[in-house]
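Topology and contacts: notes
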Amino acid sequence: MTWLLLAGAILAEVAATLSLRMASQGGGSKKWFIAVAGGYLAAFAFLTLALNGGLALGVAYGIWAATGVALTALASRVLFKEPLTKVMGLGIALIVTGVLFIELGAAH
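Report follows, based on the coordinates. (Residues numbered from 1 in each chain as written. Predicted model: local features only at pLDDT ≥ 70, side-chain atom pairs only at ≥ 80, totals over all residues. Heavy atoms only, no water.)

1. Digging into the packing of aromatic side chains
The following threshold applies: Working definition: rings of Phe, Tyr and Trp (its six-membered ring) pair if their centres are within 6.5 Å, and the pair is stacked with planes under 30 degrees apart, edge-to-face with planes over 60 apart, and tilted otherwise. Strands are runs of DSSP state E lasting at least two residues, helices are runs of H or I lasting at least four, and both sets are numbered from the N terminus onward. When accessible area is computed with a 1.4 Å probe and restricted to protein chains, residues below 20% of their type maximum are described as buried, those above 50% as exposed, and intermediate ones as partly exposed.
Enumeration over the complete set of coordinates arrives at 2 aromatic pairs. Each ring, one from Tyr-61 and one from Trp-64, has its centre 5.5 Å from the other, and the planes form 55°; the classification is tilted. Residue Tyr-61 and its partner Trp-64 are both found in helix α3 (residues 57–80); the two are separated by 3 residues, about one turn of the helix. When its relative accessible area of 47% is taken as the criterion, Tyr-61 is described as partly exposed. Among the aromatic side chains, those forming a connected cluster through ring pairs are Phe-44, Tyr-61 and Trp-64.

2. Here's the deal with the environment of Tyr-40
Stated precisely, the cut-off is as follows: Residue contacts follow a heavy-atom distance rule, with two residues in contact if any of their heavy atoms lie within 4.5 Å.
In this structure, Tyr-40 sits in helix α2 (residues 32–52). As a C-alpha pair, Tyr-40 and Ala-15 span 25 residues in sequence and 8.5 Å in three-dimensional space. When residues no more than four places from it in sequence are discounted, the contact partners of Tyr-40 are Glu-13, Ala-16, Thr-17 and Leu-20.

3. A word on α2
Here is the rule: What a helix is expected to span follows from its residue count: subtract one and scale by 1.5 Å. This arc is taken over the directions from the axis of the helix to the C-beta atoms.
For α2, which comprises 21 residues, the first-to-last C-alpha distance of 30 Å matches the rise-based estimate of 30 Å (1.5 Å per residue) to within 8%. Residues of α2 that are buried: Val-36, Gly-39, Ala-43, Leu-47 and Ala-50. Down the axis of α2, the smallest arc covering the buried residues is 70°, so these residues share one side. Exposed side chains of α2 directed beyond 90 degrees from the buried face belong to Ile-34, Leu-41 and Asn-52. Gly-54 sits one or two residues past α2 and shows a positive phi near 115°.

These results come straight from atomic positions and should not be treated as a statement about function.
Here is the structure:
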């Protein structure tokens with residue numbers, strides 16, 4: 001259950017960040033700020049519940065932040081046609097590797 005809560009935190013944070021991009025575009029509707037605020041509130045609520053459920057802070061925060069960065073970069077490429085270079089792809093691969101090492105280290 002805690003992993004589902006963490007996944008909810010990640011998805012809410014990514015949705016809020018993508019909504020922030022929409023809200024910041026010239027001529028964009030300021031109603032996107034409602035989604036920004038709601039997404040970040042939901043993200044912190046889900047993260048808090050995941051921590052209350054027993055996930056270690058270092059593991060939960062590391063996975064939350066790293067996965068959020070990677071998913072936001074990928075979604076920005078698809079939704080906003082932002083660049084995703086080979087160097088950025090390598091960075092995402094390093095993030096995934098780092099998260100795996102954090103999880104493996106926590107298991108010991």
